[in-house]
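The lines below spell out each chain.
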Amino acid sequence: MKVEIFPAEIKGNQGYDLRILDPSATIADYLQAINEFIENGPSRRTRAPVRQCKGCDLCCYERIPLTYIDVLVLYRHLHGQYPAPAQLLSFLNSHAYIYVQGRAVDISLARDEQGACIFLDQTTGTCRVYQARPLVCQTYLCSPAGKNFTRLRNTIVNLGEDELVRQWLLATQACGAELYFHEGWQPRIRLSDWDPGPFAEKKDYGEVILSQFLERR
């Protein structure tokens, strides 16, 4: 075990937090730990109740920010391969929502007319791409999270989305296309504002070492 998710009392309520036990731990190890915690529940010695999420879709109506690897995983799940630049642009146009305000860009998963994630099966309240769901979905529990967990999650998501924006701009440039976004206000987007970070040249969460994010918190 390289990452441990453990029950913790947060402001008087039963919650959870994390410890990184191995400096070589990756984001994949982090996701494995949180998914096992969700699946198995807290340690029996805590006698804490195990919450069941199946059929509950409340979080599927919230904004779901995407990382670059999230998009690669989703695209490969749906199409069996990684996207070329033109395919990346097409996927973002149809499956994401790109909002631009000045020099800031936000890319989140698209929602339907009811405000639900486009991958939500509203009949069963379950995810149609569960095995390929984004990082924020995998790391969300309807319980309070400790400071270590929250800071790490936010840093990973922010830097992962930064890389997605960079790849979106690079793909637009490579295709010689006009920059397309769904909503914008006084856009002033420059590729030079988006430097390569921990996600650069990575296609899998198993390639991204957690220690890089601890240094940036």
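First, a word on what this report is: a plain description of the structure on this page. Fair warning: this is a prediction, and the values are worked out from it, not measured in the lab.

With that settled, the discussion passes to the overall build of the protein chain. On a plain count of helices and strands, the protein chain comes out with six helices and seven strands. Counting helices and strands in the order they occur from the N terminus, the protein chain gives β-β-α-α-α-β-β-β-β-α-α-β-α. Computed over the C-alpha atoms, the radius of gyration of the protein chain is 18 Å, within 12% of the 17 Å expected from 2.2 N^0.38 for a compact globule of 217 residues. When the backbone C-alpha atoms are referred to their principal axes, the protein chain occupies close to 60 × 40 × 35 Å. Taking all contacts inside the protein chain whose residues are at least 6 apart in sequence as the whole, residues at least 24 apart take part in 66%. Of the roughly 12100 Å² that the protein chain leaves accessible, carbon and sulfur atoms contribute 47%.

Moving on to the side chain of Asp 17. Turning to its location among the elements, Asp 17 is positioned in strand β2 (residues 13-20). The class of Asp 17 is buried, set by a relative accessible area of 10%. Side-chain polar atoms of Asp 17 contact the backbone nitrogen of Phe 149, separated by 2.9 Å. Asp 17 has contacts with Glu 4, Ile 5, Phe 6, Ala 8, Gly 146, Lys 147, Asn 148 and Phe 149, leaving out every residue within four places of it along the chain.

In this section: the packing of helix α3 (residues 85-95) against helix α5 (residues 147-175). It is the contact of α3 with α5, at a shortest axis distance of 9 Å, that shows an interaxial angle of 120 degrees. Between α3 and α5, the angle falls in the class oblique. Judged by the twist between their axes, the crossing of α3 over α5 is left-handed. Two secondary-structure elements touch here, α3 through Pro 85, Ala 86, Leu 88, Leu 89 and Leu 92 and α5 through Leu 164, Gln 167, Trp 168, Ala 171, Thr 172, Ala 174 and Cys 175. Per-class residue counts for the contact of α3 with α5 are 10 nonpolar, two polar and no charged.

What follows is about the packing of helix α2 (residues 68-79) against α3. Contact geometry for α2 and α3: axes closest at 11 Å, N-to-C directions at 95 degrees. By the angle between their directions, the pair α2 and α3 is classed as roughly perpendicular. Packed against α2, whose contacting residues are Val 71, Leu 74, Tyr 75 and Leu 78, the element α3 presents Gln 87, Leu 88, Phe 91, Leu 92 and His 95 at the interface. Here the contact of α2 with α3 is composed, by residue class, of seven nonpolar, two polar and no charged.

Residues of α3 that are buried include every one of Leu 88, Leu 89, Phe 91, Leu 92 and His 95, and no others. When α3 is viewed along its axis, its buried side chains cluster within an angular range of 165 degrees and face the same direction. Contacts from the buried residues of α3 go to α2, β3 (96-101), β4 (104-109) and α5.

Time to look at the environment of Val 71. On the secondary structure map, Val 71 appears in helix α2. When sequence neighbours within four positions are dropped, the list of residues in contact with Val 71 reads Leu 66, Leu 88, Phe 91, Leu 92 and Leu 164.

Time to look at the sheet that holds β3. The mixed open sheet is built from three strands, whose spatial order is β4-β3-β7. Two strands in the sheet have a free side with no partner beyond their single neighbour: β4 and β7 (183-185). Each strand axis lies, on average, 10 degrees off the axis of its neighbour in the sheet, ignoring direction. By the bridge criterion, three bridges tie β3 to β7 in an arrangement that is parallel. Among the inter-strand pairings, Tyr 99 is bridged to a residue of β7, identified as Glu 183. On the sheet, α5 packs against β3 and β4 and is oriented at approximately 100 degrees with respect to β4.

The phi torsion at Lys 11 lies on the positive side, around 50 degrees, for a residue other than glycine. Its place among the elements puts Lys 11 in the loop between β1 (3-10) and β2. You will see that Gln 186, though not glycine, has its phi angle at about 45 degrees, which is positive. Turning to its location among the elements, Gln 186 is positioned in the loop between β7 and α6 (211-214).

What counts as what
- Residues numbered from 1 in each chain as written.
- Predicted model: local features only at pLDDT ≥ 70, side-chain atom pairs only at ≥ 80, totals over all residues.
- Heavy atoms only, no water.
- Helix = DSSP H or I, 4+ residues; strand = E, 2+ residues; numbered from the N terminus.
- Rg over C-alpha atoms; globule rule 2.2 N^0.38 Å.
- Contact = heavy atoms within 4.5 Å.
- Areas by Shrake-Rupley, 256 points an atom, 1.4 Å probe, with all protein chains shown as cover.
- Buried < 20%, exposed > 50% of the residue type's maximum accessible area, 1.4 Å probe, protein only.
- Polar contact = N/O pair within 3.5 Å; in protein donor to acceptor, adjacent residues only side chain to side chain.
- Axes fitted to C-alpha atoms, helices over the stretch in contact; angles between N-to-C directions.
- Parallel < 35°, antiparallel > 145°, perpendicular 65-115°, else oblique.
- Left-handed = near helix turned anticlockwise from the far one by under 90°.
- Nonpolar A, V, L, I, M, F, W, Y, C, P; charged D, E, K, R; others polar.
- Arc of directions from axis to C-beta.
- Pairing = 2+ DSSP bridges.

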